[in-house]
Amino acid sequence: MNSREQILAAVSKNQPALTPMPEVPFFQLEATDLVEKFTQVAVSIGSGVFQVESYEEIQEILSNDFKIHHRIISHVPELAPFADTTPLEDRHRHQLENVDLAIVKGHFGVAENGASWVTEEVMGLRVVPFICQHLAIILPKDSIVPLMHDAYARIGSAEYGYGVFIAGPSKTADIEQSLVLGAHGPRTLTVFLMG
Amino acid sequence: MSVEGHTKDHAALADDFNQDEPRVNWHDETLWFIREKRDRAAFAIPDWEMLRETASQIKFHTLSNLSQYLEQFEANAQANGIIVHWAADAEEHNQIVHSILQKHGVTQMVKSKSMLTEECHLNDYLEQQGIEVIDSDLGERIVQLAKEPPSHIVLPCIHLKKEEIGDIFHQHLGTEAGMSDPQILTETARQHLRETFLTRKAALTGVNFAIAETGEFVVCTNEGNADMGAHLADIHIASMGIEKLIPRRSDLGVFLRLLTRSATGQPITTYSSHFKKPRPGHDVHVVLVDNGRSVQLGREDFRNSLKCIRCGACMNTCPVYRRSGGHSYQSAVAGPIGSILAPNLDMKKHADLPFASTLCGSCSNVCPVKIDIHNQLYKWRQVIVKEGYADPKKTLGMKAMNMVLSSPQTFKLSGKAGRWFMKTVPFLVSNKMNPWYKQREMPQPPKESFGEWYRRNRKSNE
Ligand code: SF4
C-alpha cells in the first residue's frame, strides 16, 4: 500500500460517524452605511480611503506623493500615461522590484474588515500588489458588501488562478508587539472608492 | 533546532523561566494584551457565539467525512494543475520536499510560516542534505538567526526582547550595536529578505485552509511573505496537515471571520491568498501530511483537537503558558493545544504536557472552533497515568484530583473549577505536590475567578 492508500484507509477507518453539514446561519452586519463602515475599518488597519468620481481625481491625489521619477504601473488603461500600463510577462516579474506604486482595480470591498478582493486578471502579474512599495486599489463605491459571508456569496464559483483579500498595508508586530507598516509588501495602501 | 531527548520536564523548565520575575511578568503581560485585543474584536461581533458554533460543526462534519473530502480535494487540485503528494509521516514529508528540490536542482529555498514544517523538523533535514532554508516571516527569521525554535505558533519570537533582537541583527545583519528600534530592525529585515525573495527558485508555504470543492488552498499572512516567496519563485510547495480541509469555498466566510480576530484582534489578516492554479509554466505542489493525525482521529476523546485552526488564542489566555514560555513545552506547537497534540505523537516524551495546565478552562472559552481543550487535557492525564508515563509526584496529585473531578457535574463548572478546587482541597494546591506552588505564595481561596485571582496574585508579588 502506498502512503496515499494507507492514509485514506486509516482516515476512513478512524473518522467518526458522519455528522451533518450545518446550515450556515444568516449573519448580518449591524452598521447600515457600508461605505462608512468600510472606511472606518480600513483606516483603523492603516489604509487611506478616498471617495472619488473619476480617474482624473485619482491621478490628482496620487500625484501629490508620486512624481515623474517614480515607477508607477497599472493594468488600468484609463490611468495611462500617469502609469505605465504595458503588460509584463511572467518571466520578467523580477523586474518589478523597483516599482514605487502599483494601481489595481479590485472587484469589491468588505465592510466588516476593510478588505478588497483582487484576482490575477486585474493585477497583471500575481506579485504586483506585493512587490510594489506602495499600492492603490480602486473599488466601485457601490461594490461594498457587509460581511465575509456576502463576499463569498458574491465570488460564488468564479474561476480564478489566484485571488486575494487585501486589508491594509503589509505589517508586522513581531518585535515586542510594536506595529510596523511595510513588512515585506507595500508600505502604504490607498483605497479609492469610485462612483 | 531539535528538541529530541529532553532532560527536563515542563515544570522544571517553567521553574527556570520563573527565576527572572520581571521578565516573566513582561511575557505574561504581553500575551494578556493580545488576549484583550482578541476580546475587543470578538465582543464587537454580536453573533460571535453562533459563528464559533458554526465553525465547530463545519470542522466536525469535515472530520467525519475526511477521507472523501481528501479525495475530492486531490481530484480538484489536480484538475487545477496542482501536483498532490501524500506523506504518511514527517520523514516522508521531508523526503518529498527534498526530492522536488533535487529534481529542479534547487539548493536554496525561502519558506513562510508553517508550523507543520517545524513539527517535521524540515529545516534540519534539508540542511543535512545541503539545502539552505531561509525563513521569511520576521519572527521566524529572528528565531532562526538565534538558532531557537519558535515559542508561539502565531508570534514566533514573543519571548525575545527588542534589545536581544537588536543584538541578533547586529551579529547577523550588520545593524549598529545597541540598535533596538522595531521600525529600523524591521526595515533591515525587509531589505535582507527582499534579496532572498528575488533570488530563490523555490518557495515553501504553509496552508491555513484547503477547499475540497474547488481544490484551492488559502494562506493567511500579515507581512506578505508567503506571496512574495510563492509568486517570485518557479516552484511553490505548500505543506499541509490533512486536517486543514474544509468542504466549500463559502465556508471560508466563517473561518476567516474567526481566525485573525481570535489570533491578534485584527478583523482579518492583511493578505488572505487563494491559490487555485499554478502560474503557466510553473509548478505548485501540495504535500498532504498525516504524521499521527489519522491516529488522533481514531481517539474519540481527542479527535476534536483536529478542528484547530492554529489561531494561538488558547496560548495567549493560558496562565501557565504566559508564565512558563513556549520553549518549556518542547514541542513545535506549545500551550494548551500543543499539550493535546504532542502526546498523540509521542506519549512518553510529552507525558509532562497535559499536566502543564490549571484546567481553568480559559482556553476552551476562547477557542474559535470550540475545542474542549481543558477536558482533553484532563483526559490525557488519565491515559498517561494509566500507561505508566506519569511523574510519580503528579500521580499522587492525580489521585486526589480524580476524587475531586471524577464527577462530571463538578467538572462542568469548568471556569469555577479552580476556585472550587482551591476551597475544597487547599492542601493540594498549597503543597509541593502542585508544581505551580514553588515560586509563589498561594493565597486564601478568593471570591473572584481563578484568572482574576492569578493576575492579582502576580501583581502583589511584584
Ligand atoms: S485550539 Fe482553538 S484556540 Fe487553540 S490554537 Fe487551536 S483554534 Fe486557536
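One can find the structure itself at the top, above this paragraph.
First things first, this report covers the structure right here in the doc. (Residues numbered from 1 in each chain as written. Chains lettered and ligands numbered in written order. Predicted model: local features only at pLDDT ≥ 70, side-chain atom pairs only at ≥ 80, totals over all residues. Heavy atoms only, no water.)

**Here we look at the overall build of chain B**
A count of helical and extended segments in chain B gives 23 helices and 10 strands. Considering chain B as a whole, with its 462 residues, one finds that 65% of them fall into the buried category. Surface accessibility of chain B: about 16,300 Å² in total, with carbon and sulfur atoms responsible for 51%. (Helix = DSSP H or I, 4+ residues; strand = E, 2+ residues; numbered from the N terminus. Buried < 20%, exposed > 50% of the residue type's maximum accessible area, 1.4 Å probe, protein only. Areas by Shrake-Rupley, 256 points an atom, 1.4 Å probe, with all protein chains shown as cover.)

**Remarks on the interface of chain A and chain B**
With 72 residues of chain A at the interface, the matching set in chain B holds 99 residues. When chain A packs against chain B, close to 7,000 Å² is buried across both sides, 59% of that on carbon and sulfur atoms. Viewed at the interface, chain B and chain A are joined by 10 salt bridges. For the side of chain A that touches chain B, the secondary structure elements donating two or more residues are α1 (3–14), β5 (115–119), α5 (128–131), α6 (148–155), β7 (162–166), β8 (171–172) and β9 (180–181) of chain A. Sort the elements by how many residues they give to the side of chain A that touches chain B and α1(A) lands first, with nine residues. Taken together, the residues that form the side of chain A that touches chain B break down as 37 nonpolar, 23 polar and 12 charged. Across five bridges, the pairing between β7(A) and strand β9 (residues 271–275) of chain B is antiparallel. Residue pairing in the sheet places A:Phe165 in a bridge with B:Ser272 of β9(B). (Contact = heavy atoms within 4.5 Å. Buried area = accessible area lost by both parts, 1.4 Å probe. Salt bridge = Lys/Arg side-chain N within 4 Å of Asp/Glu carboxyl O. Nonpolar A, V, L, I, M, F, W, Y, C, P; charged D, E, K, R; others polar. Pairing = 2+ DSSP bridges.)

**Points about the site of the ligand**
With respect to spatial proximity, the complete set of residues near the ligand consists of B:Cys308, B:Ile309, B:Arg310, B:Cys311, B:Gly312, B:Cys314, B:Ile337, B:Cys367, B:Pro368, B:Val369, B:Ile371 and B:Ile373. Of the residues assigned to the shell around the ligand, the class counts are 10 nonpolar, one polar and one charged. (Near = heavy atom within 4 Å.)

**Regarding the environment of A:Glu56**
Residues and elements named next belong to chain A. Structurally, Glu56 can be placed in helix α3 (residues 55–62). Assessed through its relative accessible area of 54%, Glu56 is described here as exposed. Remark: the alpha-carbon pair of Glu56 and Phe82, spanning 26 residues in sequence, is separated by 9.7 Å.

**A few points about the packing of aromatic side chains**
The geometry of an aromatic ring pair comes down to the distance between the two centres and the angle between the two planes. The tally for this structure, following the rule as stated, stands at 11 aromatic pairs over all chains. Judged by centre distance (5.4 Å) and plane angle (70°), the rings of A:Trp117 and A:Tyr160 are edge-to-face. One end of the pair, A:Trp117, is in strand β5; the other, A:Tyr160, is in the loop between α6 and β7, with 43 residues separating them in the sequence. On the basis of relative accessible area, A:Trp117 is assigned to the buried category, the value being 3%. Classification of A:Tyr160 as buried rests on a relative accessible area of 3%. Between A:Trp117 and A:Phe165, the ring centres sit 4.7 Å apart and the planes meet at 45°, which makes this aromatic pair tilted. Here A:Phe165 lies in strand β7 and A:Trp117 lies in strand β5, a separation of 48 residues in the sequence. An aromatic cluster is built from A:Phe108, A:Trp117, A:Tyr152, A:Tyr160 and A:Phe165, whose rings are joined through pairwise contacts. The ring of B:Phe255 carries B:Lys59 above its face, with NZ or CZ at 5.7 Å from the centroid. The ring of A:Phe27 carries the charged tip of B:Arg257 above its face, separated from the ring centre by 5.6 Å. (Phe/Tyr/Trp six-rings, centres within 6.5 Å; stacked < 30°, edge-to-face > 60°. Lys NZ or Arg CZ within 6 Å of the ring centre and 35° of its normal.)

**Overview of the environment of A:His70**
Residues and elements named next belong to chain A. Tracing the backbone shows His70 in the loop between α3 and β2 (72–74). Under the relative-accessibility criterion, His70 is labelled partly exposed at 22%. For the pair formed by His70 and Val99, sequence separation is 29 residues and the distance between their alpha carbons is 7.7 Å. If near-sequence neighbours (up to four positions away) are discounted, His70 is found in contact with Asp65 and Asp100.

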